[in-house]
Amino acid sequence: MSTPALRLLSLGAGVQSTVLALMACTGELPGLDGAIFADTGWEPARVYAHLDRLTGEFDRAGIPLYRVGNGNLRTDSLDPAHRFVSVPYFTQSPTGQRGMARRQCTSEYKLVPINRKVRELLGAKPPRLRTVPKGRVAEQWIGFSTDEISRVNDRPTNRYTLKRYPLLELGLSRKDCERWLKLRGWGETAKSSCIGCPFHGNAHWRDMRDHHPTEWADAVDFDHAIRTGGHRDGVPGLRGQAFLHSSRLPLDAAPIDRVTSREWADRQLDIFDELTEQGDPDGCSPYGCRSNNPAPFPQSTKEAA
Ligand code: SF4
């Protein structure tokens, strides 16, 4: 692969990528040419506030921060005129068979707009921004920490991106990153993920219900609206129901007060985390999709055919 023309940070705005961002802004990690944040349009207000604060740091350092997106995940999911958005809902067929819908939202709302921006920065021509000039490559910093070594995949994603994992090179774990942030006044860094992401665990839902009632009401409303798969008018071909909570009960009736043994052990609590040792770096990373489970029943007309 060619020598990188650019160094770009994939900024999820969670713990690990915030450390990389601040290290780049202070010069501790030199040479960053830009950071890219992919916005699903449905992050909690505190994530956007955190991003605004980070923007100030980037501005002071003279490093551009690009906010990109591919629509509003919440709005699109409920828009009958929009094509089906595949969110990893918990599903239950009429015969009681349980499953999970495919997770394509991360790719569609994060990876696709990030890659489009990378191609643009590398010189792809508008309006389609499809083709990167030959030999142009971007080094892309990804915030996986040492506890996530199993998630590192060095297979090239495309011919214009060279993945790099600075936290691994520095030997920093997620806990190290949390300590690093706390010492510098960034200890309140939250995970970034959609308000109504089905990957939230009970602790996350409880925190939302008890401390962020507007978000909770939003998630409950959304949960009721997706029962037929995402469109208020129903998705032709869908058999069964979809839910945000793994109990396959409406969110406002789900047993979110159940404290798991994992919680007692002060471990990470989200499904994100149950599937890995220490949890997702940014709540929802475009580079570590962990939902490969096909839905047990058709999700759309096309799949039902
Ligand atoms: S946070 Fe959840 S709903 Fe949002 S893009 Fe990621 S997986 Fe999809």
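Just above, that's the structure.
### Quick notes on the site of the ligand
What surrounds the ligand is the set L73, R103, C105, T106, S193, C194, C197 and C284. Broken down by class, the residue content of the shell around the ligand amounts to 5 nonpolar, 2 polar and 1 charged.

### Section: the environment of Y160
Summarising the element assignment, Y160 is placed in the loop between strand 6 (138–141) and strand 7 (161–164). Taking C-alpha positions, Y160 is 9.2 Å from N115, a pair spaced 45 residues apart along the chain. Those residues within four positions of Y160 in sequence are excluded, and the remaining contacts are N115, V118, R119, L122, V132, R136, V137 and A138. Within the structure, Y160 has its side chain in polar contact with the side chain of R119 (distance 2.9 Å).

### Observations concerning the packing of helix 1 (residues 15–26) against helix 6 (residues 174–183)
Between helix 1 and helix 6, the least distance of the axes is 9 Å, while the angle of their chain directions is 55°. For the element pair helix 1 / helix 6, the angle class is oblique. For the pair helix 1 and helix 6, the sense of crossing is left-handed. Contact residues: helix 1 offers V15, Q16, T18, V19, L22 and M23, while helix 6 offers R174, C177, E178, W180 and L181. Classifying every residue of the contact of helix 1 with helix 6 gives 7 nonpolar, 2 polar and 2 charged.

### Observations concerning helix 6
Every buried residue of helix 6 is listed here: R174, C177, W180 and L181. Buried residues of helix 6, seen end-on, are gathered within an arc of 115° and therefore sit on one face of the element. Turned more than 90 degrees from where helix 6 packs its buried face, R179, K182 and L183 sit exposed. Elements that come into contact with the buried residues of helix 6 comprise helix 1 and helix 5 (166–170). Looking one or two residues beyond helix 6, the residue adopting positive phi is G185, at roughly 80°.

Rules used in this analysis
Residues numbered from 1 in each chain as written. Predicted model: local features only at pLDDT ≥ 70, side-chain atom pairs only at ≥ 80, totals over all residues. Heavy atoms only, no water. Near = heavy atom within 4 Å. Nonpolar A, V, L, I, M, F, W, Y, C, P; charged D, E, K, R; others polar. Helix = DSSP H or I, 4+ residues; strand = E, 2+ residues; numbered from the N terminus. Contact = heavy atoms within 4.5 Å. Polar contact = N/O pair within 3.5 Å; in protein donor to acceptor, adjacent residues only side chain to side chain. Axes fitted to C-alpha atoms, helices over the stretch in contact; angles between N-to-C directions. Parallel < 35°, antiparallel > 145°, perpendicular 65-115°, else oblique. Left-handed = near helix turned anticlockwise from the far one by under 90°. Buried < 20%, exposed > 50% of the residue type's maximum accessible area, 1.4 Å probe, protein only. Arc of directions from axis to C-beta.

These values are about where atoms sit, not about what they do.
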